[in-house]
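So the chains spell out like this:
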Amino acid sequence: MQKIIDSIQNHYINLEYNFGAHDYNPLPVVLKKGEGVFLWDVNDKKYYDFLSSYSAVNQGHCHPKIIDELISQSKKLTLTSRAFHNDKLGDYMKFATNLFGYDRLLPMNTGAEAVETAIKISRKWGHTIKGIDENNAQIIVCHNNFHGRTTTIISFSSHSGSKDFFGPHTPGFIHIPYNDINSLNNTLISNKNIVGFLVEPIQGEAGVNVPEDGYLSKAKKICSENNVLFIADEIQTGLGRTGKLLATDYEDARPDILILGKALSGGTIPVSAVLSDSPIMDVIQPGQHGSTFGGNPLASAVAKQALKVLTDDNLIENSRKLGEYFRNEINNYIKSSNIVKLVRGKGLLNAIVINDNSESQTAWNICLRLRDNGLLAKPTHGNIIRFSPPLVITYNQIKDCLSIIKKTLKEFEL
Ligand SMILES: *Cc1c(COP(=O)(O)O)cnc(C)c1O
């Protein structure tokens, strides 16, 4: 089924393969340009981007306002370190805390660093405010979570490839099933050393697992009742991706600690952040946490602009409306399909589940044919394909994409 890749793309693929670590298995396509929802390969073939770099380019590739900010700020000042103040960081902090409704923001770079930061804050809060004996703090996490790749974070992964042989693993994490309020409740009641519940509002990497309505608000409520921090990893679900500013906005489930990353820079440079109120955030005092690049003036200027674009360009509402349209159309297709079992998601974070065993190559083969037909998507966890285009996509473009997807799926119908 796989079309032989031409010699130009093969050249670049071999360079990566021969000189790089083999830590990824990319779809065979070599890109050189992006604009809005489109990507171009080295032969000038044009594609719809249906991954958005794992939701890091919600604002579309090379958004002019974000790129203008990136260029103009990088000509003035890029890095001061936090040894000194700069004239961009405070302005960004004020803007972001106001937008999300928190007292304070702690700036980091990658998503994993922000998750690590949230873990440190909640442990210290547990030991100094909640009164748990030092080194006894426990954090509840969910099966099939994805929170990043650091040594501590993979310690509480349930994916063997991510964690096996990377031990000794960091202790202090308790696993419960996702979307299971009783498990959360029982664990909170039986263990008095719990400081936080770390959860993805929708599990993106695990295959866009959407919990039941009310799960997040109930989880938040019982966390509050047990004096446990409700920590939401919105690195993938936040910033308009699911049709609201935050996925937790669908319910009465305001996180005590909010973790953001990915689209916080519109896909230009690594920018992440942790937001919380003073009684929690102030457990961190000078010298107790930090990052050389965190809060740099370039990142601060770009992040503020990337957040503004979400509202200025009406991307959040667009994501909600077009996401609904997309799922309706795919659901209509599924009625007469043998190859697609179901579609699920919120806003423009969606996935289809392929009707085949999870070891088969069907999802991968479908993605290769989607590529040939001008649309780039990637399988996640077995036979699931995530569809998450940039939120700047228009109605006519998504219609066009739906016909590419249906045409491709038809080739695989039994
Ligand atoms: C991508 C992602 C991370 C990790 O972010 P990096 O920038 O790759 O370190 C953490 N949590 C979630 C939910 C993610 O989607």
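Residues numbered from 1 in each chain as written. Predicted model: local features only at pLDDT ≥ 70, side-chain atom pairs only at ≥ 80, totals over all residues. Heavy atoms only, no water.

Attention shifts here to the pattern of salt bridges. All chains considered together, the criterion is met by 15 salt bridges. A salt bridge links E324 to R320; the nearest nitrogen and oxygen atoms lie 4.0 Å apart. One end of the pair, E324, and the other, R320, are both in helix α12 (residues 315-334), four residues apart, so they sit about a helical turn from each other. By sharing partners, the salt bridges in this structure join R369, R371, D372 and E411 into a single network. (Salt bridge = Lys/Arg side-chain N within 4 Å of Asp/Glu carboxyl O. Helix = DSSP H or I, 4+ residues; strand = E, 2+ residues; numbered from the N terminus.)

Our next topic: the sheet that holds strand β8 (residues 229-233). Sheet architecture is open: seven strands sit in the order β4-β10-β9-β8-β7-β5-β6, paired in mixed fashion. The sheet terminates laterally at β4 (104-108) and β6 (173-176), the two strands that pair on one side only. Sheet twist, expressed as the mean angle between neighbouring strand axes with direction ignored, is 20 degrees. Each of β4, β9 (257-260) and β10 (272-276) touches helix α4 (residues 89-100); the most contacted strand, β4, lies at about 120 degrees to it. Of the strands in this sheet, β5 (138-142), β6 and β7 (194-199) touch helix α8 (residues 181-190), which is tilted by about 145 degrees from β6. (Pairing = 2+ DSSP bridges. Axes fitted to C-alpha atoms, helices over the stretch in contact; angles between N-to-C directions. Contact = heavy atoms within 4.5 Å.)

Moving on: the packing of aromatic side chains. In the structure shown here, the tally under the stated rule is nine aromatic pairs. Aromatic side chains F197 and F230 sit 6.5 Å apart centroid to centroid with 40 degrees between the ring planes, which places their arrangement in the tilted category. With a gap of 33 residues between them, F197 in strand β7 and F230 in strand β8 connect regions that are remote in the sequence. A relative accessible area of 0% means that F230 is categorised as buried. Ring geometry for F326 and F387: centres 5.7 Å apart, planes at 75 degrees, overall edge-to-face. Separated by 61 residues along the polypeptide, F326 in helix α12 and F387 in strand β15 (residues 384-387) bring together distant segments of the chain. Looking at F326, the relative accessible area reads 2%, which means it is buried. (Phe/Tyr/Trp six-rings, centres within 6.5 Å; stacked < 30°, edge-to-face > 60°. Buried < 20%, exposed > 50% of the residue type's maximum accessible area, 1.4 Å probe, protein only.)

This part takes up the domain arrangement of the chain. In terms of domain boundaries, the chain breaks down into domain 1 (2-59 + 314-410) and domain 2 (64-312). Between domain 1 and domain 2, the C-alpha centre-to-centre distance is 27 Å. Counting from both sides, the interface comprises 28 residues of domain 1 and, opposite them, 31 residues of domain 2. Across the domain 1 to domain 2 interface the summed buried area is about 2400 Å²; carbon plus sulfur atoms make up 57%. For domain 1, the biggest contributors to the area lost against domain 2 are Q59, I316 and K346; these three give 30% of the whole. Our count for the domain 1 to domain 2 interface comes out at one salt bridge. (Domains from an automatic or database assignment. Buried area = accessible area lost by both parts, 1.4 Å probe.)

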